[in-house]
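Below are the chains, spelled out letter by letter.
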Amino acid sequence: MAVETQQELIHGLNDGQRSAVQQTDGPLLIIAGPGSGKTRVITHRIAFMIAKGIPSWQIVALTFTNKAADEMRNRLNKLSPGNLTWAGTFHRFCSRLLRQYAALVGLQENYTIYDMGDSKKVLKHAIANAEIDVKHFSADKIGNQISNLKNEGVSLEHFIPRPGNVMDKILSKVYPEYQKLLQMANAVDFDDLLLHCVDLLRDNPELRESLDLKFNYMMVDEYQDTNRAQYQLIRLLNHNVQNLAVTGDPDQSIYGWRGANISNILDFEKDYPSVSVVRLEENYRSTKSILRVADQLIENNVRRKKKKLITANDEGKPVRLVAYPSPQDEAADIADSIALAIQKGNRKAKDFAILYRTNWLSRAFEHTLRQCGVPYQVLNGHEFYQRKEIKDVIAYLHLLNNPNDSVAFERVVNIPSRKIGKVTLTRLQRYSRENSISMMEAARNCEQIETIKKAVGKRILAFVELMDGLSKEVDSEVEPVIRSVLAATGYREWLTDDGSEEAFERAGNVDELVVAAQEFDNEHPEDGGLARYLEQAALVSDTDVWESDANFVTMMTMHAAKGLEFPCVYVVGLEDGLLPHERSVGNDDEVEEERRLLFVGITRAEEELQFSRCLNRFRRGSYWPAIPSRFLMELPRDEMEIFGAQHQQAGMTADDLQRAIDSMDVVDAPDFSDLPAIDIHASDAAISVGGDLFCDQENEPATKKSAVKKPSMASLMTGAELAKQHQSNAAADRLEPEACEVGLEVEHVEYGVGKVIAMTGTGRKVTATINFPNFGNKRICLAFSNLRLPG
DNA sequence: ATTCGCAAAGTTTTT
DNA sequence: CTTTGCGAAT
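Not measured: the values here are computed from a predicted model.

With that out of the way, let us pick up the overall build of chain A. When helices and strands are tallied, chain A shows 30 helices and 23 strands. Buried positions account for 53% of the 791 residues belonging to chain A. If you sum the accessible surface of chain A, you get close to 35800 Å²; carbon and sulfur atoms cover 50% of it.

Here it is in structure tokens:
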């Protein structure tokens, strides 16, 4: 019977897939291009192992998101019911491991996982305690450095500051203090979850060996996105027993910025010399025309192993590239197209995805989709859990679960107001630091603190008693605990006190939290409880909340889209500075990562794909001409459909472009789903020619060019456009920062005419000190002001 | 202790 | 142009 099952499991797989499934032992590297049936291979491989007689509890599968893990578990349960394979994210895996061995790294099992906001608060305390002047290194910078160290697997005792390095000198003071505060709070940050586990295994050889044996078979998905700490963890758990299979695609490595090390996958063959390598190159997802676009784009990366994308799928429709006058047009047209396709019955809402580089780009689309009555879901971050009211309630739960959680203490001690203010808090903090105890302990002993008056101490003790009382009510279910907290603190009443609409909405969010907790209780009858609930709340990711079955248009970042697929994909905002992001230009490796990001975006599409960019983009207060993304030059434009660039020709000046923009007739949204396209080929369109506007990166950025707009026929403009025009006109004769010099007469909207008497700063921070006859001297940052020449 | 007002900074991407 | 954070005032 077992043999028959094994046969069934490899039936219908291609050669590469089959060989990956059948090689259950020893190190295995699966290079899997997009849409190559990777998840299928992984699940079938695990089922195959189980069918072979390998105990399922010896198998661990590490995935990138919880969603991917759920998906895997579901599929696996169909192939192999009742199996005990552990599937989950690295962070969850480590979290579980740490709960068990917390004491070995100086924690208690009920430790708290701090999110970024929480860790930042701790960091600020650490910086203050270390008496570091944050003049030239911001707290964020320092935090990033610590995070980078941790991602590199450098724990405190392995950190050796380089002599003469200023940042290292700061880190040598802040890093230890930060870790000390975390430990006192019995808390970890995200990076610590991994790092503590690495330390745990490194420092306890016999434990390491037993776990190595216990997790006999390991699989790691998205291996190209693992960082050094994760790499070390994997190596530590696959030393004696090397039944390790990793899957990944170097072309989809998009997390370098958070420490992902692309050489982890490129060097896998060196790390495990006896490795077998399987390549899954056939794509089952996309049309030929989409794949050619993806292929040609990624060919431009230098640091890469060549790989071909092949598919037996149809040719499909040509990929579209559209230039819109403004983001409003972009959003309106795309929403219209989607609405029309749905209306005509060609598509469902859930067939569409709108992908972008940064989260804020979703706003315009939310607006237009709502107007068109198209249902949508936006995946952005842990937005729900970041709300003040939610964080407040969760903080109470954290404090109940882990009374030493000082960040939670500081958050809720005066919410609702208990007349325990900033000064009192500072006194408690000092006491807690001097005695190396948590805030809660300090509060308990507040009568010992001379500087705290009796009356205040009484209020503090009342709070301590409140929490003590609540902690007795903590039981196996979460929902009743939240209800007790709300009841005992009067939080909800405090929230709705002012009767405002906003307050009402917030109360609604709190209610939603209660419902979510209830659901959690129902779904986790065995393995629930406060600790697990809080762990889950801390480790949810963007895509985890994505509802793949519900009928919504999906909007998310290209990062979040990894691993997903949609029939129709819109990749929007393809402008230099957005993609590639302005913070990566100038660094070749980072630009290559941006290119991979677009590659990921493209390869999400099954049947239809549209790129778009805008000629103007609203940034920092007003509209600026936007340069097309350099990646657009790298696509096979001769086979794509190009819209909206009709007026652009090689050799245009900025003014010419502006005139073209003003007379653009793309305002009436073209209907792509239906009309025969006006096919403007590359030879006709300026963006192909390398006209200096688009291709010559040596040129000054557009933001520095004159932004003069010629008025166009008002009768043809919508209200939004008029508003936009107005704004542009306001900026029309705006003084260019580099034209400003001492002695110049300038005019300010509010202060009138004045004379520049001094200039300070460089780049965007150039500031002029200007003497206005009626207002005296004013310091004005040129990049943000509306200075103009008088007259 | 809270509230108000002004100034500076700012927009990646996420476990 | 917004938001956030800090400082001063009540």
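The next thing to look at is the environment of Met167. Structurally, Met167 is set in helix H8 (residues 166–184). Met167 gets classed as buried once you look at its relative accessible area, which sits at 9%. Each C-alpha atom of the pair Met167 and Val407 lies 26 Å from the other, and the pair is 240 residues apart in sequence.

Bringing the protein's contact with DNA strand B into the picture now. Contacts to DNA strand B come from 25 residues, most closely from Arg357, Asn359, Gly421, Ser541 and Arg583. Expressed as a percentage, the sugar and phosphate content of the atoms of DNA strand B within 4 Å of the protein is 51%. Note that a phosphate oxygen of DNA strand B is positioned 2.8 Å from one of the side-chain N or O atoms of Ser417. With respect to DNA strand B, the side chain of Thr557 contributes an N or O atom lying 3.0 Å from a phosphate oxygen.

Looking now at the side chain of Asn83. Within the element layout of this structure, Asn83 appears in the loop between helix H4 (66–79) and strand E3 (86–89). Side chain to side chain, Asn83 and Thr85 meet in a polar contact 2.9 Å long. For Asn83, the residues in contact, after removing those within four places along its chain, are Ile50, Ser56, Leu76 and Asn77.

Of all hydrophobic cores here, the largest spans 49 residues; its most connected members are Phe409, Leu428, Ile482 and Tyr533. When residues of this core are assigned to their parent elements, the largest contribution, eight residues, is made by helix H18 (residues 388–401). Contact partners of Ile482, with chain neighbours within four places excluded, come to Val393, Leu397, Leu513, Val514 and Ala517. Judged by nonpolar contacts, the second largest core, of 41 residues, contains Leu194, Phe215, Leu244 and Ala538.

Across the ten residues of strand E16 (residues 605–614), nine count as buried, placing the element largely inside the fold. Strand direction decides the pairing type here: strand E11 (residues 320–324) and E16, joined by five bridges, are parallel. If you follow Arg320 over to E16, its bridge partner there is Gln610. Two elements, strand E15 (residues 566–571) and E16, share five bridges in a ladder whose sense is parallel. Residue Val569 lies in a different strand from E16, and its bridge partner there is Leu609. For the handedness criterion, the β-α-β arrangement of E15, helix H27 (residues 588–602) and E16 is classed as right-handed.

Inspection of the entire model under this criterion finds 13 aromatic pairs. Between the aromatic rings of Phe352 and Tyr570, the centroid separation amounts to 6.4 Å while the plane-to-plane angle is 25°, which identifies the pairing as stacked. Here Tyr570 lies in strand E15 and Phe352 lies in strand E12 (residues 352–356), a separation of 218 residues in the sequence. A cation sits over an aromatic face here: Arg99 above Tyr111, 4.1 Å from the ring centre. A cation sits over an aromatic face here: Lys562 above Phe64, 3.9 Å from the ring centre.

A few words on the packing of helix H7 (residues 139–151) against helix H9 (residues 190–203). The N-to-C vectors of H7 and H9 enclose an angle of 30°; their axes lie 9 Å apart at closest approach. The pairing of H7 with H9 is recorded here as roughly parallel in orientation. Here H7 runs over H9; the crossing is left-handed. Note on element contacts: H9 touches H7 through Asp191, Asp192 and Leu195, opposite Ser147, Lys150 and Asn151. A breakdown of the residues in the contact of H7 with H9 according to their chemical character gives one nonpolar, two polar and three charged.

Relative to each other, helix H25 (residues 501–523) and helix H26 (residues 530–539) sit at 115°, their axes nearing to 11 Å. The element H25 and its partner H26 pack so that their crossing is right-handed. Every residue of H26 that contacts H25 at Leu513, Ala517 and Phe520 is listed here: Arg532, Tyr533 and Gln536.

Moving on, we come to the sheet that holds strand E2 (residues 59–63). The strand order across the open sheet formed by six strands is E3-E2-E6-E7-E1-E8, and the pairing between neighbours is parallel. Looking at which strands have only one partner, the edges of the open sheet turn out to be E3 and strand E8 (276–280). In this sheet, neighbouring strand axes are inclined to one another by 15° on average, regardless of whether the strands run parallel or antiparallel. Bridging between E2 and strand E6 (residues 217–220) involves four bridges; their strand directions are parallel. Each residue of the ladder has a partner; that of Val60, found in E6, is Met218.

A contiguous patch of positive charge on the surface is contributed by Lys180, Lys419, Arg427, Arg430, Arg433, Lys453 and Arg459. Within the secondary structure, Arg427 sits in helix H20 (residues 422–434).

Note on sheets: strands pair through backbone hydrogen bonds, and any given pair is parallel or antiparallel. If you trace the seven strands from one edge of the open sheet to the other, you get E13-E14-E12-E15-E16-E11-E19, paired in parallel fashion. The open sheet has two edge strands with one neighbour each: strand E13 (376–378) and strand E19 (641–643). With strand direction ignored, the average angle separating the axes of adjacent strands in the sheet is 20°. Its contacts with the sheet put helix H15 (residues 327–343) on E11, E12, strand E14 (553–557), E15 and E16, and the angle it makes with E16 is roughly 155°.

What follows concerns the pattern of salt bridges. Evaluation of the coordinates by the stated rule reveals 49 salt bridges. Of the charged contacts, one joins Asp140 and Lys120 as a salt bridge, the two residues approaching to 3.3 Å between their closest N and O atoms. Note that Asp140 is positioned in helix H7 and Lys120 in helix H6 (residues 116–129), a separation of 20 residues in sequence. Note on Lys120: relative accessible area 34%, which makes it partly exposed. A salt bridge links Asp249 to Lys307, with the shortest nitrogen-to-oxygen separation between them at 3.1 Å. Of the two residues, Asp249 sits in the loop between strand E7 (243–248) and helix H12 (263–266) while Lys307 sits in the loop between helix H14 (288–298) and strand E10 (310–311), which places them 58 residues apart along the sequence.

Here the focus is helix H10 (residues 205–214). Inspection of H10 places Leu207, Arg208, Leu211 and Asp212 among the buried residues, and these make up the whole buried set. Down the axis of H10, the buried side of the element spans an arc of 135°, and every buried residue falls inside it. In this fold, the buried residues of H10 make contact with helix H5 (90–101), H9 and helix H11 (228–236).

Reading the values: the criteria
Residues numbered from 1 in each chain as written. Chains lettered and ligands numbered in written order. Predicted model: local features only at pLDDT ≥ 70, side-chain atom pairs only at ≥ 80, totals over all residues. Heavy atoms only, no water. Helix = DSSP H or I, 4+ residues; strand = E, 2+ residues; numbered from the N terminus. Buried < 20%, exposed > 50% of the residue type's maximum accessible area, 1.4 Å probe, protein only. Areas by Shrake-Rupley, 256 points an atom, 1.4 Å probe, with all protein chains shown as cover. Near = heavy atom within 4 Å. Polar contact = N/O pair within 3.5 Å; in protein donor to acceptor, adjacent residues only side chain to side chain. Contact = heavy atoms within 4.5 Å. Core = buried A, V, L, I, M, F, W, Y, C linked by side-chain atoms within 4.5 Å. Pairing = 2+ DSSP bridges. Right-handed = clockwise from strand over helix to strand, strands pointing away. Phe/Tyr/Trp six-rings, centres within 6.5 Å; stacked < 30°, edge-to-face > 60°. Lys NZ or Arg CZ within 6 Å of the ring centre and 35° of its normal. Axes fitted to C-alpha atoms, helices over the stretch in contact; angles between N-to-C directions. Parallel < 35°, antiparallel > 145°, perpendicular 65-115°, else oblique. Left-handed = near helix turned anticlockwise from the far one by under 90°. Nonpolar A, V, L, I, M, F, W, Y, C, P; charged D, E, K, R; others polar. Patch = residues over 30% accessible without salt bridge, like charges linked within 9 Å, V, L, I, M, F, W, Y side chains within 5 Å. Salt bridge = Lys/Arg side-chain N within 4 Å of Asp/Glu carboxyl O. Lys, Arg positive; Asp, Glu negative; His and termini not counted. Charge placed at Lys NZ, Arg CZ, Asp CG, Glu CD. Arc of directions from axis to C-beta.

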